[in-house]
Amino acid sequence: MSSIFGMIFILVGIYGLASLAALFSEKSGTINLFVNGGMILGAFSYVAVTYAFTEDGTTLTMGHAILGFVVAIAVGILSTMLLAFASIHLQADQVVVGVALGIIAPLVSLVGLVFITSGQTSIPTSSIQIITNFKMIGWKIQIIFGSVILVFVAGLWAIIKFTRFGLRLSAAGENPHSLAASGVSVYKMRYIGLIISGALAGLAGAVAVSSFEKFASYSSSVMGMGYVALAILIIGQWRVPYIIIGSIVFSSMYAVIQYYSVTLENAKWIVFSVPYIVTLIALPMVSWYARGPKYTGIPYIRN
Amino acid sequence: MYTKLKPQMPSKHKFMEAIFTPKYNARNMILAILLGFALATITLFIVYGKYAIEIINGLFIGDFLDKPTVGYLISKMTIFAFGALAVGVCLRAGLLNIGVSGQATFAGWLAFTTLKTANDPTKEANILFVGLVMCILGGMIFGMIPGILKSLFKVNTVVSTIMLNWIATYIVMSTRTAKSGAEIMGLGNEEDGLIHIVDSTNIWTMVGIGLGLLAFVVTAMYIIQYKTSFGFKTRISGLSEEAATYSGYKTKTNITLIFMISGALSGLMGYSMFFLSDNAIPAVENNIQEGFTAIAIALVAMSNPIAIVPSAFLFSLLYGPVGGISLGGLDSNVVLIFSGFITYFIAAVGLWMYIRPIEWIRKISGNKHKPHLDSVKFIESKQPLNSKKGGKK
């Protein structure tokens with residue numbers, strides 16, 4: 001049971017970060033379908049940095065891992081700037097741009113993997129995962145990581161709810177014309193929203209590949225976690241406490257299925273699809289009255 | 001007649017202005033393709049160095065030197081064209097269907113499962129006919145789900161179709177029965193092995209069937225979208241849902257219907273792929289990539305059924321074998337860089353507003369004349385002084 005708790009904690013942390021990435025961008029007025037792509041690029045950045053240190057047999061240290069996280073955050077921000085420029089300045093269709101970048105991201109990661117490994121398209125993560133390289137037992141690390149992330153998420157929620165910055169960010173998505181009339185630049189707030197979103201998505205990807213045992217090898221995929229995070233955002237009705245509850249429910253389901261289905265043969269694949277089926281059933285129940293920010297997806301054209 | 005409207009550009013500049021305004025027209029699409037190709041080529045050069053030249057040569061020229069490869073290209077074009085038609089039908093209605101992969105996969109799974117339970121599954125004609133019917137039916141059923149969720153419950157179609165893609169993948173993985181543990185699902189079972197529908201003697205028959213089917217479907221879709229009231233109403237609902245509702249268009253019913261049609265076309269894509277080409281469904285924990293490439297093709301063709309065919313052929317070139325050059329495991333994926341960049345530049349078509357080389361050259365060369373002043377002088381010099389609607393008197 002102890003490893004299930006570890007798995008639940010780390011999954012809550014990953015889905016919480018990814019859902020908040022989507023939340024920040026949608027709160028500021030931009031539909032962000034690039035969360036999954038940002039996670040992929042963040043995961044690749046972490047893998048590239050830590051692989052560079054451990055390729056010659058050096059043991060992974062916390063310093064290497066932290067550097068990997070920092071680079072993942074930076075790469076997440078830079079990649080999301082492509083979406084930001086297209087959707088804010090060029091008033092492009094945000095859904096299509098997000099999907100296009102979502103197609104490019106795993107390919108960039110794949111090309112990068114071939115580059116750094118001189119020909120391989122996947123890389124085993126045993127030497128670069130935090131849960132396998134430290135003296136502490138893996139599930140304890142997962143619980144600590146998950147707890148730290150939850151505290152961080154609580155801090156972000158407080159920023160959105162209780163600060164002037166959070167109010168302006170929400171206004172950029174709810175009523176940008178009023179925000180502009182009060183003298184605040186809507187473009188600036190939307191860019192800041194997407195910067196934070198990119199940082200969180202990159203960090204979520206790095207945490208996933210470093211601390212979740214399902215990633216025994218990394219091959220330019222995060223198994224659609226970014227899209228599940230979008231579903232959790234909708235189910236949580238763009239409110240952080242409900243998003244966390246949704247993350248806990250989904251993560252618990254996923255962890256139990258992963259933990260107990262290893263002995264099943266082909267039938268385990270049907271069991272793996274249960275979280276997606278449950279999400280699909282839950283979406284209609286909340287979408288009916290879910291109300292996102294009013295001006296999300298609508299480009300703001302300044303005079 | 002002289003009017004006080006916004007000055008028109010002189011005729012010699014109209015072509016350039018038309019290119020650099022943010023419109024979805026053929027010129028901008030071509031520019032997006034060229035820019036996407038340029039960036040993708042640069043990426044290939046960064047990764048492969050001098051071999052990039054051979055790769056590109058192999059992709060675009062070498063494919064035509066080998067007859068079986070031409071057949072492979074045409075079959076790939078058919079697959080992409082059906083997928084792009086599925087996406088295009090939804091795009092015209094203002095919807096985005098990125099569940100083409102899952103719908104095609106489920107359609108193929110349903111067809112294979114039905115045939116396995118049939119009495120005599122080895123007759124080729126039975127396999128092809130029953131496969132066609134079940135693929136269309138399976139695609140319609142799976143495509144109907146996001147349509148109902150969208151029309152009745154306003155569920156975001158992107159999220160619902162992504163979930164369904166993964167569900168379809170796991171359904172196939174749970175029923176894979178191929179011999180030797182290969183990660184595919186075919187018509188055979190572990191004892192008998194795979195039943196091959198296509199072999200070296202009838203590949204051109206399969207290509208011919210695919211082309212015939214494509215020609216029929218493209219013609220039908222063109223007539224429906226451009227010559228029927230249903231197609232007109234679909235387009236209106238894509239431009240303005242409120243206007244469509246107020247004019248009596250049954251939005252909810254028709255969203256479901258559009259997704260069913262899209263699903264049926266995705267089923268045809270699955271039929272082309274799993275019956276006319278590969279004879280098996282890949283049972284790996286990943287969605288088939290052709291569905292995502294179809295999105296780029298539909299955007300390039302601006303959802304026009306006839307334009308989709310040459311666009312699909314262009315993208316099929318990228319999937320052709322590269323003349324025996326080893327890409328280190330990237331054979332099928334590296335070319336997706338092209339489709340990804342192209343899709344991005346099509347979506348960011350407003351980029352062209354900011355690319356004004358003529359003005360840049362003028363600024364650099366120190367030419368201070370502003371274009372619009374030149375145009376006003378041009379028009380004033382050509383207009384009569386006395387006119388009924390204003391003007392100088």
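This is a predicted model, so every value here is computed, not measured.

1. Points about the overall build of chain B
So, step 1. Within chain B, the regular secondary structure consists of 16 helices and 2 strands.
So, step 2. When each of the 393 residues of chain B is scored for burial, the buried share is 49%.
So, step 3. For chain B, long-range pairs separated by at least 24 residues make up 77% of all intrachain contacts whose partners lie at least 6 apart in sequence.
So, step 4. Accessible surface, chain B: about 18,600 Å² in total, of which carbon and sulfur atoms supply 64%.

2. Things to note about the environment of A:Ile301
Residue and element names in this part refer to chain A.
So, step 1. By secondary structure assignment, the location of isoleucine 301 is in the segment after helix H13 (274-287).
So, step 2. With relative accessibility at 59%, the residue isoleucine 301 sits in the exposed group.
So, step 3. Distance in space between the C-alpha atoms of isoleucine 301 and isoleucine 88 is 8.6 Å, their sequence separation being 213 residues.
So, step 4. The contacts of isoleucine 301, once residues within four sequence positions are left out, are Gln91 and Tyr187.

3. Observations concerning helix H10 (residues 225-235) of chain A
Residue and element names in this part refer to chain A.
So, step 1. Counting buried positions along H10 yields 10 of 11 residues, so the element is predominantly enclosed.
So, step 2. For H10, every residue scored as buried is listed here: Met225, Gly226, Tyr227, Val228, Ala229, Leu230, Ala231, Ile232, Leu233 and Ile234.
So, step 3. Glutamine 237 sits one or two residues past H10 and shows a positive phi near 55 degrees.

4. Let's talk about the state of the cysteines
So, step 1. Summed over the entire model, instances satisfying the criterion amount to 0 disulfides over all chains.
So, step 2. For the unlinked cysteine B:Cys90, the closest cysteine sulfur is that of B:Cys135, found at 18 Å.

5. A look at the nonpolar core
So, step 1. Counting 190 residues, the largest nonpolar core has A:Val207, A:Phe212, A:Tyr218, A:Met225, B:Leu85 and B:Phe275 as the members making the most contacts within it.
So, step 2. When residues in this core are grouped by element, the largest group, 15 residues, is from helix H1 (residues 2-27) of chain A.

6. What about the packing of helix H3 (residues 62-89) of chain A against helix H9 (residues 186-211) of chain A?
Residues and elements named next belong to chain A.
So, step 1. One way to put it is that H3 packs onto H9 with a least axis distance of 7 Å and a crossing angle of 140 degrees. Viewed along their axes, H3 and H9 adopt a mutual orientation that is oblique. Helix-helix and strand crossings are classified by hand; for H3 and H9 the assignment is right-handed.
So, step 2. Grouping the amino acids of the contact of H3 with H9 by side-chain chemistry returns 17 nonpolar, 7 polar and 1 charged.

7. Examining the side chain of A:Ser19
Residues and elements named next belong to chain A.
So, step 1. In this structure, serine 19 sits in helix H1.
So, step 2. Of the residues examined, serine 19 reaches a relative accessible area of 0% and is grouped as buried.
So, step 3. Dropping the residues within four chain positions of it, serine 19 is found in contact with Ala229, Ile232, Leu233, Ile243 and Ser247.

8. Brief notes about helix H2 (residues 35-54) of chain A
So, step 1. For H2(A), built from 20 residues, the straight-helix expectation of 28 Å at 1.5 Å per residue is met to within 8% by its first-to-last C-alpha distance of 28 Å.
So, step 2. Of all 20 residues that make up H2(A), 18 are buried, and the element is covered over most of its length.

9. Section: a nonpolar patch on the surface
So, step 1. Taken together, A:Met62, A:Ile66 and A:Val70 make up a surface patch of nonpolar side chains, about 250 Å² in accessible area.
So, step 2. Position of A:Met62 relative to the elements: it lies in helix H3.

10. Remarks on unusual backbone geometry
Across residues other than glycine, the phi torsion is negative in most instances, and most of the peptide bonds are trans.
Residues and elements named next belong to chain A.
So, step 1. Its identity is not glycine, yet methionine 223 carries a phi of approximately 55 degrees, on the positive side.
So, step 2. Structurally, methionine 223 is set in the loop between strand S2 (217-218) and H10.
So, step 3. Despite not being glycine, tryptophan 238 shows a phi value in the positive range, around 60 degrees.
So, step 4. With respect to the helices, strands and loops of the structure, tryptophan 238 is situated in the loop between H10 and helix H11 (240-260).
So, step 5. With relative accessibility at 15%, the residue tryptophan 238 sits in the buried group.

11. Quick notes on the pattern of salt bridges
All names here are of chain B.
So, step 1. Summed over the entire model, instances satisfying the criterion amount to 1 salt bridge over all chains.
So, step 2. Where lysine 76 meets glutamate 290, a salt bridge forms, and the shortest distance between an N and an O atom there is 3.0 Å. In this pair, lysine 76 is assigned in helix H4 (residues 67-92) and glutamate 290 in helix H12 (residues 290-300), connecting sequence segments 214 residues apart. Taken individually, lysine 76 and glutamate 290 each receive the classification buried, so the pair is uniform in this respect.

12. Re the environment of A:Met253
So, step 1. The residue A:Met253 is located in helix H11 in this model.
So, step 2. With 213 residues separating them in the primary sequence, A:Met253 and A:Ile40 have C-alpha atoms 23 Å apart.

13. What about the side chain of B:Ser303?
So, step 1. In this structure, B:Ser303 sits in the loop between H12 and helix H13 (305-319).
So, step 2. Apart from residues lying up to four places away in sequence, B:Ser303 is in contact with B:Gly88, B:Leu91, B:Arg92, B:Gln225 and B:Ala298.

14. Comments concerning the packing of aromatic side chains
So, step 1. Summed over the entire model, instances satisfying the criterion amount to 17 aromatic pairs over all chains.
So, step 2. Ring geometry for A:Phe212 and A:Tyr254: centres 6.4 Å apart, planes at 45 degrees, overall tilted. Of the two residues, A:Phe212 is situated in the loop between H9 and S2 and A:Tyr254 in helix H11; the sequence distance between them amounts to 42 residues. Taken as a pair, A:Phe212 and A:Tyr254 share a single burial class, namely buried.
So, step 3. The ring of B:Tyr226 has B:Arg92 lying over it, and the distance from NZ or CZ to the ring centre is 4.7 Å.

Rules used throughout
- Residues numbered from 1 in each chain as written.
- Chains lettered and ligands numbered in written order.
- Predicted model: local features only at pLDDT ≥ 70, side-chain atom pairs only at ≥ 80, totals over all residues.
- Heavy atoms only, no water.
- Helix = DSSP H or I, 4+ residues; strand = E, 2+ residues; numbered from the N terminus.
- Buried < 20%, exposed > 50% of the residue type's maximum accessible area, 1.4 Å probe, protein only.
- Contact = heavy atoms within 4.5 Å.
- Areas by Shrake-Rupley, 256 points an atom, 1.4 Å probe, with all protein chains shown as cover.
- Disulfide = S-S within 2.5 Å.
- Core = buried A, V, L, I, M, F, W, Y, C linked by side-chain atoms within 4.5 Å.
- Axes fitted to C-alpha atoms, helices over the stretch in contact; angles between N-to-C directions.
- Parallel < 35°, antiparallel > 145°, perpendicular 65-115°, else oblique.
- Left-handed = near helix turned anticlockwise from the far one by under 90°.
- Nonpolar A, V, L, I, M, F, W, Y, C, P; charged D, E, K, R; others polar.
- Expected span 1.5 Å × (residues − 1).
- Patch = residues over 30% accessible without salt bridge, like charges linked within 9 Å, V, L, I, M, F, W, Y side chains within 5 Å.
- Salt bridge = Lys/Arg side-chain N within 4 Å of Asp/Glu carboxyl O.
- Phe/Tyr/Trp six-rings, centres within 6.5 Å; stacked < 30°, edge-to-face > 60°.
- Lys NZ or Arg CZ within 6 Å of the ring centre and 35° of its normal.

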